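A structural walkthrough
Residues per chain, in single letters:
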Amino acid sequence: MKALTKFMDSFGAILLAIIWIAPLLFAFWAATHSTSDAVNLNLFSPWTLENFRVAWAGAPWLKYFINTFLLVTVILIGQFFLTTLAGFAFAQLQFPGKDYVFILVLMQLFILPEVLIVENYAMISRLGLFDTILGVGMPYMASAFGIFLMRQAFKGVPIELHEAARIEGCGLLGILWRVYVPLAKPTYLAYALVSVSTHWNNFLWPLIVTNSPDTRPLTVGLSIFGAPENGVDISIISAATLMSVAPLLIAFLIFQRQFVQAFLRAGIK
Amino acid sequence: MSAHANLERRRQAIYGWLLLSPAAVLLTLFAFYPSVATLWSSMFSRGTRRKPTEFVGTENYSDLFADPTFWIVVKNNLLYAGITIPVSIFIALSMALWANGKIRARGFVRTAYFTPTVLPMIAAANLWLFFYTPGLGVLDQIGSLFGLPSVNWLGQPETALWAIIIVTIWKEAGFFMIFYLAALQTIPEDLKEAADIEGASRWTYTRRIVLPLLMPTTLFIAVNAMINSVKLIDHLFILTKGGPSDASKLILYYIWEMAFAFFDAPSAAAMTIMVIAVLGIVAAVQFFYLDKRTHYQ
C-alpha cells in the first residue's frame with residue numbers, strides 16, 4: 001500500500017513535469033527538423049541546424065541581443081544606485097516626514113508601471129528619450145520593491161558595526177559603502193537575478209517606447225519576427241525563440257539554486 | 001549637549017532627504033505624476049483638429065460604461081482572474097508537495113516545474129503557438145490519433161480565452177511553487193511524526209496541519225496572482241490579439257489598444273484609473289485585513 005502511494009506520487013510528479021516542459025521540448029524538436037518533419041512528428045527524420053541559420057539571417061539578432069544586454073545593465077546600475085541610497089535613508093536615518101514618504105513609496109508597489117503606459121510614454125517623449133535604451137529603462141530604476149528590499153537588508157546590519165566605523169572616523173557615505181553594502185551582498189545578488197530576468201523578458205513597455213532596430217530588445221524583435229504577416233513557419237519561429245531565450249535559460253540551468261533562492265529572498269522579505 | 005543632539009538631528013534630516021532625492025525624483029516622474037495626470041486627462045474630451053480638448057467631468061467614464069466592448073473585456077478579465085488564480089495556486093501547491101516529498105527524479109521535476117518562469121511571455125506564446133495551430137499543431141495531431149476533428153483553438157470565441165488562460169497558468173504555477181516549497185521546509189518534522197503516532201492519514205495531515213500552516217504563503221501568492229491577472233497580457237500580442245471578436249481581450253491590452261492603436265487617450269486614462277482603483281482596494285485589503293488574520297503565533 002505504502003509502496004503503491006509512493007509510486008503514484010512519483011508517477012504523478014514526473015507526468016506533470018513532462019507536461020510542463022513539453023512546449024519547450026517540442027520547440028527544440030521543431031527547431032532542429034525541417035518544417036514538414038516537425039509537424040508530422042516524424043521521429044526518424046534527420047536533424048538540421050538550417051532553421052537556426054535562416055532565423056539568424058532573418059533579423060538583426062545580434063543588435064537585439066546587445067540592446068537587451070545594455071537595457072538590463074542600465075536598469076540594474078540605476079536600481080542599485082537609487083535603491084541603495086533610498087533604502088539606507090529609510091533604514092538608518094531619522095528625519096521628519098520619513099514615514100509618510102515610505103508609505104508613498106510602498107504605494108508604487110501597487111501602481112504597476114505597466115498600467116501607466118500612456119502617461120509614462122508622454123513623459124518619456126517630453127524628456128526626449130523616446131526610442132532610446134535609457135528611455136526604456138528609466139521608469140523601472142526607482143523601484144519601490146528594490147527600495148523596500150534594501151531597507152530590510154540594511155535594517156539587519158548590527159548597529160555596533162555602524163558605531164565602530166563612525167568612531168574610526170568614517171563619514172555617513174563611507175559607512176554606507178564600507179559597512180552596509182558589503183554586508184548586503186546576498187540581497188544585491190538576489191535582486192540582480194530577479195531584475196535581470198524580469199527586464200530580459202519585459203515586452204509591453206519596450207514595445208511602446210522603441211521604434212527602431214537600434215533600440216529594440218529581443219522580446220520586441222522576436223514578436224515582430226514571428227508576426228503572421230511575415231509568413232515565417234513554425235520551425236523557424238521555434239529556432240528564433242530558442243535562440244532568444246538561450247542565454248537566460250542556460251544561466252538558469254547552471255545557477256538554478258541561486259535563481260530559486262533569489263526569487264525566494266526577493267519574494268518573502 | 002542638547003545643541004549637539006540638535007545638530008546631529010539636522011544633519012540626519014539633510015542627509016536623509018539628499019539620499020532619497022534621486023529616487024524621489026524618478027518616482028515622481030514615473031509613478032506619482034503620471035497617476036495624477038491620468039486622473040486629470042480622464043476628465044477631458046479627446047481633442048480633434050477642429051475641437052480642442054475640454055473638461056467633460058465623468059463623461060469618459062459613462063461612455064466606457066455604455067461601450068459593450070468594455071463590458072466584454074471586464075468579463076473576460078474576471079474570468080481570466082477567476083480561473084488563473086485558484087488553478088495556478090492549486091497546481092503550485094501540488095507541485096510543491098511533490099517536489100518536497102521523497103520521489104524519484106526530484107531534481108528533474110523541480111527544474112521542469114520552474115523553467116517556464118525564466119522564459120519571456122513572448123517566447124512562451126511562440127512555444128504554445130506550435131500546440132494550438134489548427135491542423136498542424138501538436139494538440140490537433142494528438143486529437144487526430146483519437147479521431148477527433150481539427151479545432152482552431154485560437155480562432156474561435158469559445159476557446160480563445162481558455163487557450164490564453166492555459167498559457168498563463170503554465171507560466172506562473174512554477175514560480176508560485178517555490179514559495180510553497182520554502183514554506184513547507186519550515187514545517188517541523190515532529191508534526192508529521194506526531195500525526196503518524198496518532199494514526200492520522202496523509203490526507204488528514206495535509207488538510208489539518210500543512211494547509212493551515214501554508215495560509216500566509218497562500219495569501220501572498222494570491223495577491224501576486226491577482227496582480228498577474230492584470231499584468232500578464234504579452235501573449236495576447238502573439239496568440240490572439242484579443243480576438244476573435246474581442247473574445248480574448250483583457251483590460252490592459254484594451255488600454256494599450258485604445259491609446260496606441262485608436263489614439264483615444266482619455267478613454268485609456270479612464271480605464272487606467274479604474275484598474276488603479278481595483279489594485280488599490282486589493283492593496284488595502286491585504287494591508288489592513290488579511291495581514292492581521294493570517295498570523296498564528
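Let me begin by describing the structure that accompanies this report. (Residues numbered from 1 in each chain as written. Chains lettered and ligands numbered in written order. Predicted model: local features only at pLDDT ≥ 70, side-chain atom pairs only at ≥ 80, totals over all residues. Heavy atoms only, no water.)

**Considerations on the overall build of chain A**
As a reminder, the rule being used: Secondary structure elements follow DSSP: runs of H or I of four or more residues count as helices, runs of E of two or more count as strands, with numbering from the N terminus. For a compact globule the rule gives 2.2 Å times the number of residues to the power 0.38, and the radius of gyration it is set against comes from C-alpha atoms. Here's how the labels work: a residue is buried when its accessible area is under 20% of the maximum for its type, exposed when over 50%, partly exposed in between, all with a 1.4 Å probe on protein chains only.
When helices and strands are tallied, chain A shows 15 helices and zero strands. The C-alpha radius of gyration of chain A comes to 23 Å, more than 25% above the 18 Å expected for a compact globule of 269 residues. Along the longest, intermediate and shortest principal axes, the C-alpha atoms of chain A span 75 × 65 × 30 Å. Counting the 269 residues in chain A, one finds 57% classified as buried.

**Some points on the layout of surface pockets**
This is how the line gets drawn: In the cavity and pocket records, a cavity denotes points on a 1 Å grid over the protein atoms alone where a 1.4 Å probe fits but cannot get out, a pocket denotes an open set with protein on both sides within 12 Å along at least 5 of 7 lines, and lining residues are residues with an atom within 4 Å of a point. Grid points are joined across faces, edges and corners, and a volume is the space filled by probe spheres set on the points. Gly falls in the polar group here, along with every residue not listed as nonpolar (Ala, Val, Leu, Ile, Met, Phe, Trp, Tyr, Cys, Pro) or charged (Asp, Glu, Lys, Arg).
In this model, the second largest pocket occupies a volume close to 1500 Å³. Around the second largest pocket, the lining comprises 35 residues; the ones closest to its centre are D9 of chain A together with L97, G101, K192 and R202 of chain B. Elements with a contribution of two residues or more to the lining of the second largest pocket: α1 (2-31) of chain A together with α3 (68-100), α7 (157-184), α8 (189-197), α9 (202-213) and α10 (215-231) of chain B. Residues that form the lining of the second largest pocket fall into these classes: 18 nonpolar, eight polar and nine charged.

**Considering the packing of α8 of chain B against α9 of chain B**
Residues and elements named next belong to chain B. What counts is decided by this rule: Fitted lines through C-alpha atoms serve as axes, helices being fitted only where they are in contact, and the angles separating the N-to-C directions of these axes extend from 0 to 180 degrees. Oblique is the label for any angle not under 35 degrees, not over 145, and not in the 65 to 115 range, which are roughly parallel, roughly antiparallel and roughly perpendicular in turn. Crossing handedness: left-handed means the near helix sits turned counterclockwise from the far one by under a right angle, and right-handed means the same turn made clockwise. A contact between two residues is defined here by any heavy atoms of the two lying within 4.5 Å.
Axis separation between α8 and α9 bottoms out at 11 Å; the angle between their running directions is 160 degrees. Classified by the interaxial angle, the pair formed by α8 and α9 is roughly antiparallel. Crossing angle aside, the handedness with which α8 passes α9 is right-handed. Along the contact surface, α8 presents L191, K192 and A195, while α9 presents Y205, I209 and L213. Across the contact of α8 with α9, the residue classes tally to five nonpolar, no polar and one charged.

**Looking at the interface of chain B and chain A**
For clarity, the threshold we go by: Accessible area that two parts lose when put together, with a 1.4 Å probe and added across both, is what the buried area reports. Salt bridge criterion: a side-chain nitrogen from Lys or Arg within 4 Å of a carboxyl oxygen from Asp or Glu. Nitrogen and oxygen atoms within 3.5 Å of one another constitute a polar contact, given that in protein one can donate a hydrogen and the other can accept it, and given that sequence-neighbouring residues count only through two side-chain atoms.
With 82 residues of chain B at the contact, the number on the chain A side is 82 residues. For the pair chain B and chain A, the two sides together bury roughly 7700 Å², of which 81% comes from carbon and sulfur. On the chain B side of the contact with chain A, L19, F30 and F130 of chain B bury the most area, a combined 10% of that side's loss. Linking chain B with chain A are two salt bridges, by the criterion used here. Among the ionic pairs, R202 of chain B bridges to D9 of chain A, the shortest N-O distance being 2.8 Å. Summed over the shared surface of chain B and chain A, the result is eight residue pairs in polar contact (both at pLDDT 80 or more). A per-class count over the side of chain B that touches chain A returns 64 nonpolar, 12 polar and six charged.

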